[in-house]
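As a plain string of letters, each chain reads:
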Amino acid sequence: MSINLKNRHFLTLLDFSPEEIHYLIDLSAQVKEEKKQGTFPERLKHKNIALLFEKNSTRTRCAFTVAAIDEGAHPEFLGKNDIQFGKKESVADTARVLGRMFDGIQFRGFKHSVAEGLAKHAEVPVWNGLTDSFHPTQVLADLLTIKEQFGHLKGVVFSFVGDGRNNVANSLMIGAAKTGMDFRIVAPQSLFPDPELVKTAEKIAKTTGGKIRLTDNIKEGVLGADVIYVDVWVSMGEEDQFAERIKLLLPYQVNRDMIEKTGKSETIFMHCLPAFHDLNTTVGKEIYEKYGISAMEVSNEVFESSYSKVWDEAENRMHTIKAIMIATMDG
Ligand code: CP
Ligand code: NVA
């Protein structure tokens, strides 16, 4: 079956069929190999890309920038304090202006409805570089990383441990359902995902042979896991939640004991990053002074161990974002 994603927005994996997701993963692997070989076909020559950021970013910003330049396009960073967006100009008007000048728009911000608004009004593809609800470009990189490690996605036992209702957990649940994984959220019940999204994921999983399970029981949740995945306990915009989250999630820290609970020797550890695994950050130090813990979601031992595939995962952000831009931008 031939797949054509031209002029499609990339706001959530819910909008993409399993075949389309596999197509994007395969294209990512292809562009990764091309780059390793030093081949640069410049498929996006003369394209201009707007990179609109309301929140901070290292990986997503750099991935879009490098991917665009590799392919011959020009990326333009537009920080929230640089342009009229939101203060003097609405989402709809900003979208219509950017859509007349740029060939694609990346948006990272708070409300998912803003990403949808940009997509509704800009006549060019809009790519979601993270909203409060979803982080689909991250998950495409995660799927590529898992496929590289295990050779397949279907049937992979995947345990997401921690804040089970954040943007990354939501997108992973959809990505796992679409690719037929055995997916578990391992979290306190108050941090389980939105029941409506769970229902949707379960419905998708039925069609792909996947499974979706939510549990607050760590032993059951990680038993047999091929992948243990964590994200920060406090996402951007929720910084007033540290005290409560630390209390709730400390038992869910990924450490050697948890990895051993999988009962598997080939388990890999993944994290979208940035991670709080040591005291080499300002926030890490503040947390240590206030709560006496030197790591949050993952121990430094696991983060630095051979289980950890976090640098492959970070690199794959660039290859997958490149594939998304090539696939969706008009040629
Ligand atoms: N994983 C991720 O999205 O990283 P950044 O916040 O640095 O973009
Ligand atoms: N859940 C995190 C992901 C960071 C890449 C956040 O939104 O801050």
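Coordinates for the structure precede this section.
First, a word on what this report is: a plain description of the structure on this page.

Rules behind the numbers
Residues numbered from 1 in each chain as written. Chains lettered and ligands numbered in written order. Predicted model: local features only at pLDDT ≥ 70, side-chain atom pairs only at ≥ 80, totals over all residues. Heavy atoms only, no water. Helix = DSSP H or I, 4+ residues; strand = E, 2+ residues; numbered from the N terminus. Polar contact = N/O pair within 3.5 Å; in protein donor to acceptor, adjacent residues only side chain to side chain. Contact = heavy atoms within 4.5 Å. Near = heavy atom within 4 Å. Areas by Shrake-Rupley, 256 points an atom, 1.4 Å probe, with all protein chains shown as cover. Nonpolar A, V, L, I, M, F, W, Y, C, P; charged D, E, K, R; others polar. Pairing = 2+ DSSP bridges. Axes fitted to C-alpha atoms, helices over the stretch in contact; angles between N-to-C directions.

Comments concerning the side chain of asparagine 166
By secondary structure assignment, the location of asparagine 166 is in the loop between β5 (157–161) and α6 (167–178). In terms of polar contacts, asparagine 166 uses its side chain to reach the backbone amide nitrogen of valine 168, at 3.0 Å. Discounting chain neighbours no more than four positions away, the residues touching asparagine 166 are Ser133, Phe160, Asp231, Val232 and Ser235.

Describing the site of ligand 2
Leu130, Asn166, Asn167, Val168, Asp231, Val232, Ser235, Met236 and Leu273 make up every residue found near ligand 2. Contact between ligand 2 and aspartate 231: a nitrogen atom at 2.6 Å from a side-chain N or O atom of the residue. Note that a nitrogen atom of ligand 2 is positioned 2.7 Å from one of the side-chain N or O atoms of serine 235. When isolated, ligand 2 has an accessible area of 260 Å², and the protein chains bury 94% of it. Taken together, the residues that form the shell around ligand 2 break down as 5 nonpolar, 3 polar and 1 charged.

A few points about the sheet that holds strand β6 (residues 182–186)
Hydrogen bonds along the backbone pair up the strands of a sheet, which may run parallel or antiparallel. With parallel pairing, the 5 strands of this open sheet are ordered in space as β7-β6-β5-β8-β9. The open sheet has two free edges, formed respectively by β7 (211–215) and β9 (268–271), since each of these has just one partner strand. Here the strands of the sheet are splayed against their neighbours by 20° on average, with no regard to which way each runs. Note: β6 against β7, 5 bridges, orientation parallel. Among the inter-strand pairings, aspartate 182 is bridged to a residue of β7, identified as lysine 211. Sheet strands touched by helix α5 (residues 136–150): β5, β8 (227–230) and β9. Its angle to β9, the strand with the most contacts, is close to 165°. Against the sheet, α6 contacts β5, β6, β7 and β8, and its axis sits at roughly 160° relative to β6.

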